[in-house]
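Read off the chains here:
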Amino acid sequence: MTCACAETCGHADAPMARALFNRVEMMNQPPSLAARALGIEPGDASYLLTGLREDVAKDFVRVMLAGRPSIDTTNQEEADDE
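Residues numbered from 1 in each chain as written. Predicted model: local features only at pLDDT ≥ 70, side-chain atom pairs only at ≥ 80, totals over all residues. Heavy atoms only, no water.

A.B. asks: I'd like a rundown of the confidence of the model for the chain, residues and numbers included.
C.D. replies: When pLDDT is averaged along the chain, the result is 78, and 67% of the positions lie at 70 or above. Here helix α1 (residues 2-7) stands out as the element of the chain with the lowest mean pLDDT, 48, in contrast to helix α3 (residues 31-38), whose mean of 95 is the highest. Across residues 1-6, where pLDDT falls below 50, the model places 13 contacts with residues more than four positions away in sequence or in other chains. (pLDDT = per-residue confidence, 0-100. Helix = DSSP H or I, 4+ residues; strand = E, 2+ residues; numbered from the N terminus. Contact = heavy atoms within 4.5 Å.)

A.B. asks: For the packing of helix α2 (residues 14-26) against α3, give the residues involved together with the corresponding values.
C.D. replies: Between α2 and α3, whose axes approach to 9 Å, the crossing angle comes to 135°. On the basis of the axis angle, α2 is oblique to α3. In the packing of α2 onto α3, the handedness of the crossing is right-handed. From α2, Met 16, Ala 19, Leu 20, Arg 23 and Val 24 reach across to α3, where they touch Pro 31, Ala 34, Ala 35, Ala 37 and Leu 38. (Axes fitted to C-alpha atoms, helices over the stretch in contact; angles between N-to-C directions. Parallel < 35°, antiparallel > 145°, perpendicular 65-115°, else oblique. Left-handed = near helix turned anticlockwise from the far one by under 90°.)

A.B. asks: Could you give an account of unusual backbone geometry, with specific residues and numbers?
C.D. replies: The residue Asn 28 is not glycine, and still its phi comes out positive at about 60°. Mapped onto the elements of the fold, Asn 28 is located in the loop between α2 and α3.

A.B. asks: I'd like to hear about the side chain of Gln 29, residue by residue, with values.
C.D. replies: Examined against the element boundaries, Gln 29 turns out to sit in the loop between α2 and α3. Assessed through its relative accessible area of 16%, Gln 29 is described here as buried. With near-sequence residues (within four places) excluded, Gln 29 lies in contact with Arg 23, Val 24 and Ala 34. (Buried < 20%, exposed > 50% of the residue type's maximum accessible area, 1.4 Å probe, protein only.)

A.B. asks: Before we move on, can you summarise the packing of α2 against helix α4 (residues 42-65) with the specific residues and values?
C.D. replies: Relative to each other, α2 and α4 sit at 90°, their axes nearing to 9 Å. Taken together, the axes of α2 and α4 lie roughly perpendicular to each other. In this structure, α2 uses Met 16, Ala 17, Arg 18, Leu 20, Phe 21, Val 24 and Glu 25 to contact α4, whose residues at the interface are Ala 45, Leu 48, Leu 49, Leu 52 and Arg 53. Each residue belonging to the contact of α2 with α4 can be placed in one class, and the counts come to nine nonpolar, no polar and three charged. (Nonpolar A, V, L, I, M, F, W, Y, C, P; charged D, E, K, R; others polar.)

The following block contains the structure:
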């Protein structure tokens, strides 16, 4: 799931963020080592990882909520049952 979300990220720096994400999350490299391997500063790597992780989390929530009834629908059904 995380790989699929990371692959669909639409930001301009997405290729670098995906490469960094792959090294840190999939290959278990320390972020500083992954940053060095990609030729970027550790602070920039942290920024990219934070943004991509946020995007992945949002996409995960959207996927998990897909197909679930909305809160308005659930509340209406409860009111109809009374």
